[in-house]
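# Examining the three-dimensional arrangement
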Amino acid sequence: MYQFDARNLSMVMDLYEMTMANGYLGEHSDRVMVTFDVFYRNNPDNGGFAIFAGLEQVIEYIEHLHFAEDDIAYLRSLNLFPEEFLHMLANFRFTGDIDAFPEGTIMYPNEPVLTVHAPLVDAQLVETALLTQINHQSLIATKAQRIVHAAKGRAVADFGARRAHNMDAAVYGARAAYIGGVASTATLLAGKMFGIPVTGTMAHSWVMYHQDEFTAFSRYAQAYPDAAVLLVDTYNVLHSGIPNAIRTAREVLEPMGKRLRGVRIDSGDLAYLSKRARAMLDEEGLTDCTISASNSLDEYTITSLIDQGGCIDSFGVGERLITARSEPVFGAVYKLVCVEHNGVSEPRIKISETVEKITNPARKRVYRVYNKTGHAISDLITLYEEEVDVSEPYRYVNPSKPWRSRSYMDVTVRELQKPVMRAGRRVAPLPGLQEIRSYVARQLQDEIWEEEQRFDNPHLHKLVMSPAYYETKMDLLYKHSEDCCVYDSSIRRLG
């Protein structure tokens, strides 16, 4: 069963995290408490949602975060840091709090999926590793769910390890793909570490090694009589592969009292070939022999194959899953939203000429709002100290249409962020991978509208705000816009 990666990955961080941390110490502000939010701005592939993944690896990283002697020696060699700072690092342990969505939660742009509330240096040092895990696994889990959704109940296997960007991407990508609904992986280490079912057949080299295709098939069937799935496209699917697979079933497996489990097609016109292969197998009484397909598949090619009537029972998906090839960057960011001096919280906001890059300030809470049928109708942001009472009409503000007066009635709410760490220690055991996977499936089945799950022009899930939170954000925007006006006018005077 899974064992934590024993490598010391503490130095997986950008240099600027170290330079800023040292600067904070120089300002004697290292014990100032701050709040950072992790959020993202756009759903991959213009989809309706994303899946939060990678939390377990984030927590493990933070729990094991320390700087070994060779780390300190390397930092000393850069001639950037005073000994006082290096001494602090040698004794460093993360002492902050983390709240996060449960892993596997369906999430939407611009809401805080993970919040770090910690001493300033602590919060700064964890940025890179935290984003690395969440960006990668959330991206792959989301892509996997799209592919599984396209397959309409047919099994999908992860075949992507050899196309992954490196070995870690293969292993943790398999984990994320399983969260997204993939049924199995071909990557043995992922199976060993996470308990994911493993699957696989043969490569073309097995067929090419033997003197002829029938010999290759028969040897494989003799070695694995209970799991014989034959790759039938090395030479010619319909004139060689399928006939030799049928012959193997008749002459090798049936005398052993066994059945041919399946065939796999890895090239060519998969819709046409699968229909012809199905007819040939059925004609020989091999109606229980399954047909699997692989070869550069994704949600769109799988949708097309099914729409064409392809007789395919399962799909092996490689590079377009494990690299999320259509949109290989998730884009989660880590932004300061609050600074606490002597117990007094001061919200912070980032302003940009690009409206989408203006952040949601302050320490906050996030709620999912459900109608009477249990469907999620929106997410709600409030100030951290606010109480949400939906037993009577609850007024909210849609920031894209703030002039409209809107209220919730006959709804229920669920707070999305849960305590994960307090004072640097996890507060409860994290769920197992199977539980996370089931949680994703349950949300998509019971809570998330089918209209949000379509690939083309999905319904957009609303992110709304309490009036008090909206006013807080507007006040900060107004304050900083006044500062900018003063600065601009001074430039004009000087000009």
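Residues numbered from 1 in each chain as written. Predicted model: local features only at pLDDT ≥ 70, side-chain atom pairs only at ≥ 80, totals over all residues. Heavy atoms only, no water.

So, on to the sheet that holds strand 12 (residues 333–341). Hydrogen bonds between backbone atoms are what pair the strands of a sheet, whose relative direction is either parallel or antiparallel. Read across the open sheet, the seven strands follow the order 13-12-1-5-3-19-20; overall the sheet is antiparallel. In the strand order of this sheet, the two ends are held by strand 13 (344–347) and strand 20 (425–426), each with one partner. With four bridges joining them, strand 12 and strand 13 adopt antiparallel strand pairing. Of the residues in strand 13, the one forming a bridge with C338 is P347. Sitting on the sheet, helix 2 (residues 55–63) touches strand 3 (97–100), strand 5 (114–119), strand 19 (418–422) and strand 20, and the angle it makes with strand 19 is about 20 degrees. Strands in contact with helix 6 (residues 127–151) are strand 1 (33–39), strand 5 and strand 12; relative to strand 12, the strand with the most contacts, it is inclined by about 140 degrees. (Pairing = 2+ DSSP bridges. Helix = DSSP H or I, 4+ residues; strand = E, 2+ residues; numbered from the N terminus. Contact = heavy atoms within 4.5 Å. Axes fitted to C-alpha atoms, helices over the stretch in contact; angles between N-to-C directions.)

Bringing the sheet that holds strand 15 (residues 376–383) into the picture now. In spatial order, the strands read 18-14-15-21; together these four strands make up an open sheet with mixed pairing. Whereas interior strands pair on both sides, the edge strands pair on one side only; in this sheet they are strand 18 (412–415) and strand 21 (462–465). Mean inter-strand twist for the sheet, computed between neighbouring axes without regard to direction, equals 30 degrees. Note: strand 14 (residues 364–370) against strand 18, four bridges, orientation antiparallel. Counterpart to Y370 in the pairing with strand 18 is T412.

Right, let's get into the pattern of salt bridges. Enumeration over the complete set of coordinates arrives at 28 salt bridges. The salt bridge involving D266 is made with R264; its shortest N-O contact spans 3.6 Å. Taking the relative accessible area as the measure of exposure, R264 reaches 10% and is therefore buried. Ionic pairing is found between D282 and R278, a salt bridge with its closest N-O pair at 3.0 Å. Within this pair, D282 and its partner R278 are both found in helix 12 (residues 270–283), separated by four residues, close to a single helical turn. (Salt bridge = Lys/Arg side-chain N within 4 Å of Asp/Glu carboxyl O. Buried < 20%, exposed > 50% of the residue type's maximum accessible area, 1.4 Å probe, protein only.)

Let's shift gears to unusual backbone geometry. One non-glycine residue, D45, adopts positive backbone phi at about 60 degrees. Mapped onto the fold, D45 is located in the loop between strand 1 and strand 2 (50–51). In this structure D45 comes out as buried when scored by relative accessible area, which is 13%.

Feature annotation in UniProt assigns "domain: Nicotinate/nicotinamide phosphoribosyltransferase" (unreviewed entry) to the following positions: residues 156–340. This span, residues 156–340, is 44% helix and 15% strand, and a straight line between its end C-alpha atoms measures 48 Å. (UniProt positions renumbered as here; feature names shortened; annotations may be inferred.)

The subject of this paragraph is helix 2. Most of helix 2 is tucked away: eight of the nine residues are buried. Residues of helix 2 that are buried: L55, E56, Q57, V58, I59, E60, Y61 and I62.

Applying the stated criterion to the full structure yields ten aromatic pairs. A centroid spacing of 4.9 Å and a plane angle of 50 degrees characterise the contact between Y220 and Y224, whose relative ring orientation is tilted. Its relative accessible area of 44% is what places Y224 among the partly exposed residues. Members of the aromatic cluster, connected to one another through ring pairs, are W206, Y220 and Y224. (Phe/Tyr/Trp six-rings, centres within 6.5 Å; stacked < 30°, edge-to-face > 60°.)

Further remarks concern the nonpolar core. In this structure, L114 and F315 are the most contacted members of the largest nonpolar core, which totals 126 residues. Ranked by residue count, the leading element in this core is helix 6, at eleven residues. Every residue in contact with L114, bar those within four places of it in the chain, is listed here: F36, D37, V38, L55, V58, I98, D99, A100, L130, I134 and Q417. If you look at the next biggest cluster of nonpolar residues, it comprises ten residues, including L380, V388, V390 and Y408. (Core = buried A, V, L, I, M, F, W, Y, C linked by side-chain atoms within 4.5 Å.)

Within the fold, Q145 resides in helix 6. For Q145, the contacting residues outside a window of four places in its chain are F49, I51, G180, L444 and Q453.

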